[in-house]
Structure formats: C-alpha cells, structure tokens
Number of protein chains: 2
Amino acid sequence: MKAAILSIGDELTLGQTQDTNSRWLAGRLADRGVRCVEFRIVPDELSAQARALRALADAAEIVLVTGGLGPTDDDLTRDALREAIGDGAPLVLDQPSLAALDRWFKDRGRAMPEINKRQAMRPTTAECLTNDAGTAPGLRAKVGKAIVVCLPGPPREMEPMYARFVEPLLPRLEMSTGVVHSFGQGESFLAERLGDRMHRDRNPLVGTTASGSVVSARVRGTGAQASVQAIDQELAEIERIWRPYAFARGAVTLAGSLGQALQARGLTMALAESCTGGLAGSLVTAESGSSAWFRGGVMSYANEAKRDLCGVAQSTLDAHGAVSAPVALELARGACVALQADWAASITGVAGPGGGSDAKPVGSVFIGVVGPSFEAVRRFRYPGERAIVRDRAAKSALALLRLAIADRDHFTAPFIWEVKDHA
Amino acid sequence: MKAAILSIGDELTLGQTQDTNSRWLAGRLADRGVRCVEFRIVPDELSAQARALRALADAAEIVLVTGGLGPTDDDLTRDALREAIGDGAPLVLDQPSLAALDRWFKDRGRAMPEINKRQAMRPTTAECLTNDAGTAPGLRAKVGKAIVVCLPGPPREMEPMYARFVEPLLPRLEMSTGVVHSFGQGESFLAERLGDRMHRDRNPLVGTTASGSVVSARVRGTGAQASVQAIDQELAEIERIWRPYAFARGAVTLAGSLGQALQARGLTMALAESCTGGLAGSLVTAESGSSAWFRGGVMSYANEAKRDLCGVAQSTLDAHGAVSAPVALELARGACVALQADWAASITGVAGPGGGSDAKPVGSVFIGVVGPSFEAVRRFRYPGERAIVRDRAAKSALALLRLAIADRDHFTAPFIWEVKDHA
C-alpha cells in the first residue's frame with residue numbers, strides 16, 4: 001500500500017509553524033509497512049488544496065490530510081474535499097456531528113458559537129469522524145480510487161484520531177524497520193565500514209543518517225526480510241561492525257543507554273561540568289527514572305567551584321590551568337566523592353568563541369572518567385562553533401562513561417575528535 | 001514572485017527525520033516578500049524527484065531543493081535535475097568543483113574517496129555553487145521558465161548557501177524587520193494585548209509566534225514604515241504593552257538578557273537544579289562570555305546533594321519533602337553561599353511522568369530566587385510531558401531571576417502556569 005500526506009495551512013507555507021504531523025504520520029505508516037510516496041504542504045487556498053488532493057489520490061491508495069478543519073473562513077478542507085470528489089453535490093449538515101459539537105460546548109459551560117456550525121458540514125459521500133479532544137470532526141471519503149482521511153491539525157487531536165480511524169484501514173505488516181545509533185565516529189567512516197550493506201537494492205536496506213553527532217543506521221526489510229528476526233539479525237551485525245561506537249537501538253538515547261548500563265549493575269554516577277555547564281546533566285535528567293542512577297553534579301564554572309565543591313587542589317589549578325588533564329581527573333574524582341557516586345565524568349575545556357590559546361585552542365576539551373579501579377582522561381579537539389563543541393563534549397562524556405562501565409576493553413578506541421598528545 | 005520548495009530523502013518520507021529546511025526557507029522567503037505556493041517532500045527516487053521538479057517549476061518562478069547531493073548511490077538530485085531539464089544531455093564533470101572537493105579533503109589531511117567524485121557532476125546547463133561548510137556543491141539551472149536552486153540538506157551547509165546564492169535572486173524590497181521576545185504568558189493572552197496592531201493589512205505588520213514557550217512579536221515595515229526608527233518605535237511600544245513579560249529584542253535569549261542585567265550591575269549568579277538537572281545551567285552557559293556573571297551551580301538530584309552541597313537542612317527535607325517551598329528557598333540560599341554568588345535561583349519539582357501525588361501532581365515545580373535583600377519562592381504547575389515541564393521550569397527560573405534584578409516592581413506579575421496556593 002502506498003500513502004501520501006497533505007498538510008494545509010498558511011502558517012506552514014509562510015514558515016511560521018513547523019509541520020510535524022507529516023513526519024509523525026509517515027513514521028507510523030512505515031511501522032505498518034506502508035510507504036509514503038510524497039508529502040505536500042499547501043496554503044489555505046481552495047484550488048491549491050483540491051488540486052493537491054486529486055494529484056495525491058492518483059499517486060497513492062490512502063491520502064492523509066491534516067489541517068483546515070477549523071471553524072474560520074480560511075479553513076477550507078471540507079470544501080476542497082468536496083471539489084476533489086467532483087460529484088457537484090453541495091456540502092450537507094451532519095446531524096450527529098452537530099449534536100456532538102453542541103455537547104462539546106455544553107460540557108464546557110458555553111453556548112456553541114454560530115461559526116462552529118461549519119465544522120459539522122461534510123461532502124454528501126463523506127463520513128464524519130469523531131474528535132474527542134477538540135471541536136473539529138474528521139472526514140473520510142473516496143477520491144477516485146483512493147481513500148482520503150482528513151484529520152485536524154493539532155497533534156493532540158490528530159494523533160488519537162489516527163489510531164482510531166486510520167490504523168484499521170492499513171494492511172497487515174509487510175515491512176519492518178529498525179535502527180542502531182552510534183557516537184564517536186563520522187558518518188563516512190561508519191558508512192564505509194558497512195560496505196555492501198548500503199547498496200540501494202539490498203534487502204534489508206540499510207541507510208545512515210547523522211543528527212547531533214549521533215550517526216544512525218536505519219534498516220528496512222520487506223517481503224521475506226520483513227521478519228522481526230531478519231531485522232534483529234541485521235541490527236546485531238551492524239552493532240558488531242560499529243563496535244564500540246554503537247550504543248543503542250530504537251528510541252534509546254546515549255544518556256538512556258548509559259543509564260541502562262548503570263542500572264543493570266546497581267551503580268550510580270555523578271558529573272562535574274565546566275565548559276558544558278549542565279548540558280550533560282540535562283541530557284541525563286531528560287531520561288525519566290534517571291534518579292535511580294544519577295546522583296547529581298556540579299556546574300564547576302568558576303575555579304572556586306572546582307576547588308570548593310569538587311576538591312580540585314589550588315596547586316593543580318595553578319600548575320596546569322583549569323583546562324588540563326590533571327584538573328579533569330581531580331574534578332571527576334571530586335564529583336564521585338561529593339555526590340557519593342560510583343562513577344563520575346568531568347568536562348573542562350574551551351568552548352569558544354573566546355578563550356583559546358596556541359596550546360589549548362578553541363574546541364580543546366579534557367574529559368575525565370573515574371570509577372571503581374578505573375581512572376582515565378581523554379583529550380579532544382572539537383571543530384565548530386560553541387554550541388557544537390558543547391554538545392559533542394557532553395555526549396563524549398556520557399559515551400566514555402558508558403564504555404568504561406559496559407565495554408571496558410574498547411574504552412581506548414579513538415573518537416574522531418581525539419587528540420593523542422596530552423601535554 | 002512565487003516560490004516552491006522540494007525536500008528530498010527517504011529518511012524524511014519514512015518519518016525518521018523531521019524536515020526543518022522547508023520551514024526555514026519559507027520564513028526567509030516571506031521576509032523578502034516572496035510567497036511559497038507549495039512544499040513537497042519525496043523519497044530518494046529518480047522519477048519521483050524529476051516529476052516533482054517539473055511540476056514545481058510549472059507552479060513557481062523559483063524552486064528551492066534541499067537534499068540528495070551527497071556522494072552515495074541514493075543521492076539522485078543531480079540526475080533528477082538533469083532529467084527535469086530534459087535536454088537529453090548526460091551529466092558532465094565540473095572541474096572547479098572537483099578541485100574544490102580535492103582541496104576540502106586535503107585541508108583535512110585525507111585523500112578524496114573515489115565516491116565523492118560524483119559530487120562534482122552537473123547537468124550541462126547547470127552551474128555549481130560553492131559549499132564552504134561541506135563537500136556537496138549546490139546546483140543552479142533553469143527548468144522551463146523557473147530557476148531551480150539545489151542546496152545540500154544539512155542546515156549548517158544549506159543556510160549560508162541560501163544567503164549567498166538565493167537571496168541575490170529575490171526581488172528588492174524596501175523592508176525592515178524586528179522582533180521582541182517574551183516569556184511567562186501564552187500566545188493568545190499576549191496577542192490579545194496587541195489588539196489592532198495585529199491586523200493583516202497594517203504597516204508595520206505585527207505577527208506573533210511561539211517557540212519553546214517564548215512568545216515573540218515579529219514586526220515588518222515596508223515603504224514609509226521601513227525605517228529603523230519606525231521599527232524601533234513599534235518594538236518599544238510592544239515592549240511597553242508586554243511588560244514585564246518582554247525580555248529582549250533580536251537574537252538575545254532569555255539567558256542572554258539575564259546576563260546583561262547581571263553584567264550591567266557587576267553581579268554574579270548561581271543555580272541549584274533538581275528536576276531540571278543542569279538544563280538551566282546549560283541555557284546560561286550556552287551564552288559565550290557567561291563566565292563573567294555565572295559562578296556555577298549544583299545539580300542537586302539526590303537529597304544528599306541538596307543537603308551536602310547546598311546546605312538544605314535534613315529537617316526541612318523531612319518536614320516538607322524535596323518538592324516544597326522551604327526546600328526551594330534553602331536551595332537558592334545555599335547555592336548563593338556555596339558558589340559565592342550575589343544571586344541564585346533554585347528549581348525543585350516533579351517533572352514526570354512518575355512521582356506525582358494529589359498534593360504535588362506531575363508538573364508541580366517550586367522556584368526559589370535569592371539575592372541581596374531579596375527572597376522569594378514561586379509555585380508553578382506546568383502541563384505537558386517531561387521535556388516541556390523541564391524546559392518551562394528552567395526558563396521560568398531565569399526569567400524570575402531577571403525580573404528580581406532588572407524589574408523588581410513587576411516581580412509578582414503572575415506567569416500563566418502560576419499556582420497561587422503555596423501549601
């Protein structure tokens with residue numbers, strides 16, 4: 001089955017609002033083995049909408065439409081659907097929808113504004129779809145040979161309606177997908193390691209994407225390769241090839257995989273962050289349930305914070321400077337003690353744009369990792385602007401901590417930003 | 001002038017990656033008075049791309065394409081452009097692009113992989129566009145009467161190339177723009193306060209957008225209202241109307257405006273973060289030069305961290321629980337002392353999804369603000385999922401700290417998520 005997605009709204013084509021519905025819907029469709037042949041986004045214009053509806057109904061067997069079902073003059077999806085159906089019949093008032101609208105307002109202690117009556121109108125051959133989270137009912141109709149399902153734009157309303165009205169229309173799964181995430185190497189290095197696996201006509205199909213320095217391999221199997229086992233085997237093979245950079249599958253983040261490694265062993269961690277000032281901590285605490293394994297940390301921005309809260313010796317600061325391997329090590333040791341944690345990672349560096357020197361140019365970062373019978377410092381030089389340096393430094397700290405705990409034999413595998421010389 | 005935007009990539013139509021380029025481009029085009037008639041997104045398929053290119057070239061005078069310029073087999077934009085041009089000529093090797101590619105790899109101490117040679121290929125009638133931030137040159141060509149400009153997909157590469165190669169193609173427009181940012185109230189409340197200013201045919205035109213709970217008013221003046229003074233006067237009026245929620249203009253963030261307030265007074269700050277675990281600190285330290293006014297902070301996740309590092313009394317924790325007004329106050333006091341800062345904000349709450357109770361449901365957050373002759377605690381209840389609760393809590397702390405320092409008379413103005421009852 002082929003699908004197409006149409007999003008409607010001036011706010012989208014003016015660039016004021018980010019359309020996220022298309023991506024959400026395509027992801028769900030892909031999970032069910034339905035391939036999207038196209039997304040389109042058009043403004044609140046009747047003819048543009050009707051034209052897009054007809055074109056997509058020609059190209060796909062199911063067309064999902066979001067937006068344009070509100071009560072105001074610029075909400076034209078009902079009319080566009082009528083025009084695309086092309087039977088010349090006018091919109092009719094759907095009595096059950098009108099009653100539901102009336103109830104919706106009554107439940108909120110208000111009378112239904114006259115303007116909302118529009119929302120109960122439908123093409124004669126269309127069916128109205130109940131919306132429990134808002135006033136806009138959806139619509140389902142045939143345009144040519146395709147089924148068109150129109151859903152309201154707000155994700156809070158659209159998503160439950162998708163589950164209720166679209167999923168039952170989809171075929172049984174004929175495709176499966178999976179994903180492996182990695183950190184520490186560049187996309188071209190990792191793609192090269194995958195070799196022939198990335199051929200476009202291979203099944204399962206493997207593709208790589210990079211986002212926020214996390215490189216992911218996406219696997220899609222169809223037909224005989226659509227089984228959970230086939231995908232699982234492919235993912236396992238990619239994890240083996242990408243070791244030790246691969247850290248998780250599916251929706252698991254770097255911080256989440258670190259948490260799993262800690263929790264499986266009944267261990268806890270802490271952080272001492274200088275140049276990242278809380279960024280690694282915010283990644284860690286973005287994980288729900290992280291209180292089970294994260295004790296806390298110190299944003300050791302000022303030197304006094306490094307000294308007073310993390311126990312870095314003033315003499316170490318004086319002798320080596322705040323951005324140095326000895327300070328990174330003492331910070332991580334100190335964080336373990338101050339937060340009563342089993343493991344700690346520390347980050348100290350020059351995020352830029354100012355503060356660089358010949359010996360320690362912008363992007364120079366030392367990361368310390370300390371745990372039971374384990375101490376290490378790594379030096380990196382991250383290219384790019386402040387935000388990128390900080391993001392990569394925070395993620396490197398989490399990745400190294402995870403390696404030290406879960407794959408210690410490979411802890412020394414170099415990251416792409418590695419600086420060999422510690423001096 | 002009418003524009004259309006085409007984004008290319010399986011990762012987009014499979015719902016694995018969110019296309020943000022279309023929105024970004026449409027916003028920039030709108031700023032220059034160019035209207036987008038349509039966005040399309042198609043997979044890495046030659047015929048689908050060529051078909052979309054031809055259709056959009058029929059509908060618009062300029063077509064912007066992103067993606068599909070990489071070195072691998074599934075990067076087909078060059079071939080699709082050739083097919084859409086339809087002159088039957090094969091791709092040719094562009095010598096200057098090949099030389100640039102070669103240099104790009106040499107500068108990084110590597111030899112150019114054979115595979116990257118593809119990226120120097122172009123249709124005979126197309127021109128290659130230099131990419132300073134990556135290996136993929138762009139392409140510019142005529143398809144029918146339309147100009148088609150193909151840019152690489154990564155925003156870091158695409159955005160500077162847009163400025164360099166697309167903006168000169170747009171019509172001149174006597175126009176100035178400006179923006180005021182606010183935090184603490186909802187978009188509808190703030191838009192209502194702007195009243196008639198938001199009329200679509202007003203000049204200067206005022207529109208509101210919301211992103212990450214920051215509500216911004218964007219001002220665009222044309223013709224007689226395009227002067228710097230006219231825009232400045234309009235921005236000042238909006239700041240007056242939105243007081244005390246308006247915090248900055250232009251590219252200044254909430255953390256940046258807080259930093260300005262501190263630095264102007266020679267003051268410093270610290271943070272104690274429980275449920276946000278470093279998120280506020282990461283916003284603060286995202287500002288370059290923040291070391292002048294940010295001393296550091298504590299991610300006081302475990303109760304022991306609140307006690308040992310921020311001096312919260314065990315008896316206070318026992319009597320009121322970690323999520324309480326008294327603990328918020330002691331955390332902020334303790335952060336001031338531990339970090340030797342003039343001001344501190346603290347955050348303690350239930351970010352969810354677990355951990356809520358009847359008395360303190362998910363989203364309940366206490367924020368403490370302490371400074372010279374100033375102590376206050378505010379209670380909020382943020383709706384939404386964990387990430388949203390944390391984001392709003394971190395930003396609320398920074399906004400309150402800024403008000404206490406820079407606009408104390410208005411410190412008590414309620415935020416939209418305010419809970420009056422502190423019990």
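All figures in this text were calculated on a predicted structure; none of them were measured in a lab.

**Quick notes on the overall build of chain A**
Logical step 1: Broken down by element type, chain A carries 14 helices and 17 strands.
Logical step 2: If one aligns the C-alpha atoms of chain A with their principal axes, the spans along those axes are about 85 × 55 × 40 Å.
Logical step 3: Within chain A, the fraction of its 423 residues that count as buried is 53%.
Logical step 4: Within chain A, residue pairs in contact and separated by at least 24 positions form 66% of the contacts whose partners lie at least 6 positions apart.

**Considering the interface of chain A and chain B**
Logical step 1: The interface is formed by 56 residues belonging to chain A together with 58 residues belonging to chain B.
Logical step 2: Those elements that provide at least two residues to the side of chain A that touches chain B are helix H2 (21-31), strand E2 (35-42), strand E10 (205-211), helix H10 (279-285), strand E14 (294-299), helix H11 (303-310) and helix H14 (386-406) of chain A.
Logical step 3: Per element, the largest residue contribution to the side of chain A that touches chain B is seven residues, and it comes from E2 of chain A.
Logical step 4: With three bridges connecting them, E2 of chain A and strand E2 (residues 35-42) of chain B associate as antiparallel partners. Paired with Arg 40 of chain A across the bridge in E2 of chain B is Arg 40 of chain B.

**Things to note about H11 of chain A**
Residue and element names in this part refer to chain A.
Logical step 1: Ala 305, Lys 306, Leu 309 and Cys 310 are the residues of H11 that are buried. Axial view of H11: buried residues confined to an arc of 105°, hence all on one face.
Logical step 2: Once H11 finishes, Gly 311 follows within two positions and takes phi at roughly 65°, a positive value.

**Points about the sheet that holds strand E3 (residues 62-66) of chain A**
Logical step 1: A sheet is described by the order of its strands in space; here 12 strands give the open sequence E6(A)-E7(A)-E8(A)-E3(A)-E1(A)-E2(A)-E2(B)-E1(B)-E3(B)-E8(B)-E7(B)-E6(B), paired in mixed fashion. Two strands lie at the open edges of the sheet, namely strand E6 (127-129) of chain A together with strand E6 (127-129) of chain B, each paired on one side alone. The sheet shows a mean angle of 20° between the axes of neighbouring strands, direction not considered.
Logical step 2: In the sheet, E6 of chain A pairs with strand E7 (residues 138-143) of chain A via three bridges, with the strands oriented antiparallel. Across the sheet, the residue bridging to Leu 129 of chain A is Gly 138 of chain A, located in E7 of chain A.
Logical step 3: Along the sheet, helix H6 (residues 155-166) of chain B makes contact with strand E3 (62-66), E6, strand E7 (138-143) and strand E8 (146-151) of chain B, crossing E8 of chain B at roughly 150°.

**Observations regarding the environment of Glu 167 of chain A**
Logical step 1: Along the chain, the position of Glu 167 of chain A falls in the loop between helix H6 (155-166) and strand E9 (175-183).
Logical step 2: Counting along the chain gives 95 residues from Glu 167 of chain A to Thr 72 of chain A, while the straight-line C-alpha distance between them is 29 Å.

**Description of unusual backbone geometry**
Logical step 1: With an omega dihedral of 5°, the bond running from Asn 203 of chain A to Pro 204 of chain A counts as a cis peptide bond.
Logical step 2: Looking at where Pro 204 of chain A falls in the secondary structure, it is placed in the loop between helix H7 (187-194) and E10.
Logical step 3: The step from Arg 243 of chain A to Pro 244 of chain A runs through a cis peptide bond, and the omega angle for that step is 5°.
Logical step 4: Inspection of the secondary structure puts Pro 244 of chain A in the loop between helix H8 (228-241) and strand E12 (246-249).
Logical step 5: Unusually for a residue other than glycine, Gln 340 of chain B sits at a positive phi of about 50°.

**Structural notes on the relation of the copies chain A and chain B**
Both copies of the chain are tied together by a single rotation about an axis and a shift running along it.
Logical step 1: Superposition of chain A onto chain B requires a rotation of 176° combined with a translation of 1.4 Å along the rotation axis, giving an RMSD of 2.8 Å. In the structure described here, the two chain copies are related by an operation that fits a two-fold rotation axis.
Logical step 2: A shared interface surface links the copies, since 93% of the contact residues of chain A are contact residues in chain B too.

**What to know about the domain arrangement of chain A**
Logical step 1: You can read the domains of chain A as domain 1 (2-169), domain 2 (175-249) and domain 3 (254-410).
Logical step 2: Of note, the centres of domain 1 of chain A and domain 3 of chain A, computed from C-alpha atoms alone, are 49 Å apart.

**Side note on the confidence of the model for chain A**
Logical step 1: When pLDDT is averaged across chain A, the result is 94; 99% of the residues are at 70 or more.
Logical step 2: In the predicted assembly, ipTM is 0.80 and pTM is 0.81.

**A look at the packing of helix H9 (residues 254-264) of chain A against H14 of chain A**
For any two helices packed against each other, one specifies the inter-axial angle together with the distance between the axes.
Residues and elements named next belong to chain A.
Logical step 1: At a minimum axis separation of 9 Å, H9 and H14 run at an interaxial angle of 25°. As far as their axial angle goes, H14 and H9 are roughly parallel. For the pair H9 and H14, the sense of crossing is left-handed. Between H9, through Leu 254, Ala 255, Ser 257, Leu 258, Ala 261 and Leu 262, and H14, the contact on the second element is made entirely by Lys 395, Leu 398, Ala 399, Leu 401, Arg 402, Ile 405 and Ala 406.

Reading the values: the criteria
Along each chain, residues carry numbers from 1 onward, in the same order as the chain's sequence is written. Lettering for chains starts from A, numbering for ligands starts from 1, and both go in the order in which the items are written. With pLDDT at 70 or above as the cut-off, local features in this predicted model cover only qualifying residues; side-chain atom pairs require 80 or more to be listed or tallied, and sums for whole chains, interfaces and linings still use all residues. Only DSSP runs of H or I reaching four residues or more are called helices, and only runs of E reaching two or more are called strands; each is numbered from the N terminus. Here a residue counts as buried when 20 or more other C-beta atoms sit within 10 Å of its C-beta, as exposed when there are 12 or fewer, and as partly exposed otherwise, the C-beta atoms being derived from the backbone. Here contacts are defined at the residue level, using C-beta atoms placed from the backbone and a cut-off of 7 Å between them. Whether two strands pair depends on DSSP finding at least two bridges between them. In this description, one arc is meant: the one made by directions from the helix axis to the C-beta atoms. Angles here are taken between N-to-C directions and fall from 0 to 180 degrees, while the axes themselves are lines fitted to C-alpha atoms, restricted in helices to the stretch in contact. For the least-squares superposition of copies, only C-alpha atoms count, and only for residues with pLDDT at least 70 in both. Where each domain starts and ends follows an automatic or database-derived domain assignment. The quantity known as pLDDT measures the predictor's confidence residue by residue, on a range of 0 to 100. Every angle not falling under 35 degrees, over 145, or within 65 to 115 is termed oblique; those three ranges are roughly parallel, roughly antiparallel and roughly perpendicular. Note: crossing handedness is left-handed where the near helix turns anticlockwise from the far helix by less than a right angle, and right-handed where it turns clockwise.

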